[in-house]
Amino acid sequence: MRAQHLLAAIGVLSMASCSTAAQFGSSSSITVPMALVTATGAGSPVGYITLRNGAGGVALALHLRGLPAGDHGFHLHGGGSCAPGANPAGEMIAAGGAGSHLDPANSGHHEGPSGQGHLGDLPVLHVGSNGTASQVLVAPRLRSIDELRGHALIIHAGGDNYSDTPAPLGGGGVRIACGVVS
Ligand SMILES: [Cu+2]
């Protein structure tokens, strides 16, 4: 092989390793595909959420459709799966594989995005009358998008009053959509 061909080959290899490095650790955004979930498995796609680091915390840009209108509890759950799974009572539930709200400090409390409870408590997500959501929500306690990797974003059927009552989880109720951050 001629020297210039060898150099060209080395150039291609080093470019490939740069893009691999960007993929694992230094990317500036993460796109999370979201899909409906039921107790028997995943359903239709409902768009995606793009995560970016911001001055005031992680920004979550919603690009969602096909959801019921109104306010919905929205959280980062600790598990990294959207598959059906058993709840603490042993019943199979939609996206049970996502586990409970991310709570690395073991606070044991649901308090909302600015509280001292679950780290995974995110701002309420609002869906318009046409079934879409396009706002940008900010999670002030999450400082880097890398903190969300390996966990699941969950949208609940009901609203969220950022407290433990009514149980469970301030009225959020069942899980209707899910996406794993990877
Ligand atoms: Cu939740």
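Bear in mind that the values here come from a model prediction, so they are computed numbers and not experimental data.

## Observations concerning the overall build of the protein
- Of regular secondary structure, the protein possesses 1 helix and 11 strands.
- From first element to last, N terminus to C terminus, the protein shows the α and β order α-β-β-β-β-β-β-β-β-β-β-β.
- Considering only intrachain contacts with a sequence separation of at least 6, the fraction spanning at least 24 residues in the protein is 57%.

## Let's talk about the nonpolar core
- In terms of nonpolar packing, the biggest core is built from 35 residues, with V37, A95, A152, A177 and C178 touching the most fellow members.
- Only β1 (29-38), β2 (41-54), β3 (57-64), β5 (74-77), β8 (125-127), β10 (152-156) and β11 (175-180) provide two or more residues apiece to this core.
- With near-sequence residues (within four places) excluded, C178 lies in contact with M34, A35, V37, C82, A95, A98, A152, L153 and I154.

## Topic: the sheet that holds β2
- Spatially, the 7 strands line up as an open sheet ordered β5-β10-β11-β1-β2-β3-β9, and their pairing is antiparallel. Looking along the sheet, the strands with just one partner apiece sit at the ends: β5 and β9 (136-139). Here the average twist between neighbouring strands, direction ignored, is 30 degrees.
- Pairing between β1 and β11: 2 bridges, direction antiparallel. Residue pairing for β11: L36 is matched across the bridge by A177.

## A word on the confidence of the model for the protein
- Looking at the protein as a whole, the pLDDT averages 88, with 84% of positions reaching at least 70.
- Every residue in residues 6-23 scores below 50 in pLDDT, and together they form 3 contacts with partners more than four places removed in sequence or on other chains.

## Looking at the pairing of β3
- Examined bridge by bridge, β2 and β3 share 8 bridges and lie antiparallel to one another. Bridged to R52 within β3 is A59.
- Adjacent in sequence and paired antiparallel, β2 and β3 are bridged by 2 residues.
- For β3 and β9, the ladder comprises 4 bridges, and the chain directions are antiparallel. Bridging across to β9, V58 finds its partner in A139.

## Re the environment of H118
- Inspection of the secondary structure assignment puts H118 in the loop between β7 (92-93) and β8.
- Its 27 C-beta neighbours within 10 Å are what place H118 among the buried residues.
- C-alpha of H118 to C-alpha of L76: the two residues are 42 residues apart in sequence and 9.1 Å apart in space.
- Ignoring any residue separated from it by four or fewer positions in sequence, one finds H118 in contact with H101, L102, D103, S107, H109 and H110.

## Some words on the environment of S163
- Locating S163 in the fold gives a position in the loop between β10 and β11.
- Separated by 54 residues in the primary sequence, S163 and H109 place their C-alpha atoms 7.6 Å from one another.

## Observations concerning unusual backbone geometry
- Following T165, the chain continues to P166 via a peptide bond in cis, the omega torsion being -5 degrees.
- A positive phi angle, near 55 degrees, is found at A95, a position not held by glycine.

## What about the environment of L153?
- Within the secondary structure, L153 sits in strand β10.
- Given 24 C-beta atoms within 10 Å, L153 falls into the buried group.
- Sequence spacing of L153 and G79 is 74 residues, and the spatial spacing of their C-alpha atoms is 9.6 Å.
- Excluding its chain neighbours within four sequence positions, the residues that come into contact with L153 are V32, M34, I49, L76, C178, G179 and V181.

## A short note on the pairing of β10
- The buried fraction of β10 amounts to 5 of the 5 residues, a majority that puts the element mostly inside the structure.
- Bridge analysis of β5 against β10 gives 4 bridges, and the strand direction is antiparallel. Looking at the pairing, H75 lines up with I154 of β10.
- Pairing between β10 and β11: 5 bridges, direction antiparallel. Residue I155 lies in a different strand from β11, and its bridge partner there is A177.

Definitions and limits used
- Residues numbered from 1 in each chain as written.
- Predicted model: local features only at pLDDT ≥ 70, side-chain atom pairs only at ≥ 80, totals over all residues.
- Helix = DSSP H or I, 4+ residues; strand = E, 2+ residues; numbered from the N terminus.
- Contact = placed C-beta atoms within 7 Å.
- Core = buried A, V, L, I, M, F, W, Y, C linked by C-beta atoms within 7 Å.
- Buried ≥ 20, exposed ≤ 12 C-beta atoms within 10 Å, placed from the backbone.
- Pairing = 2+ DSSP bridges.
- Axes fitted to C-alpha atoms, helices over the stretch in contact; angles between N-to-C directions.
- pLDDT = per-residue confidence, 0-100.

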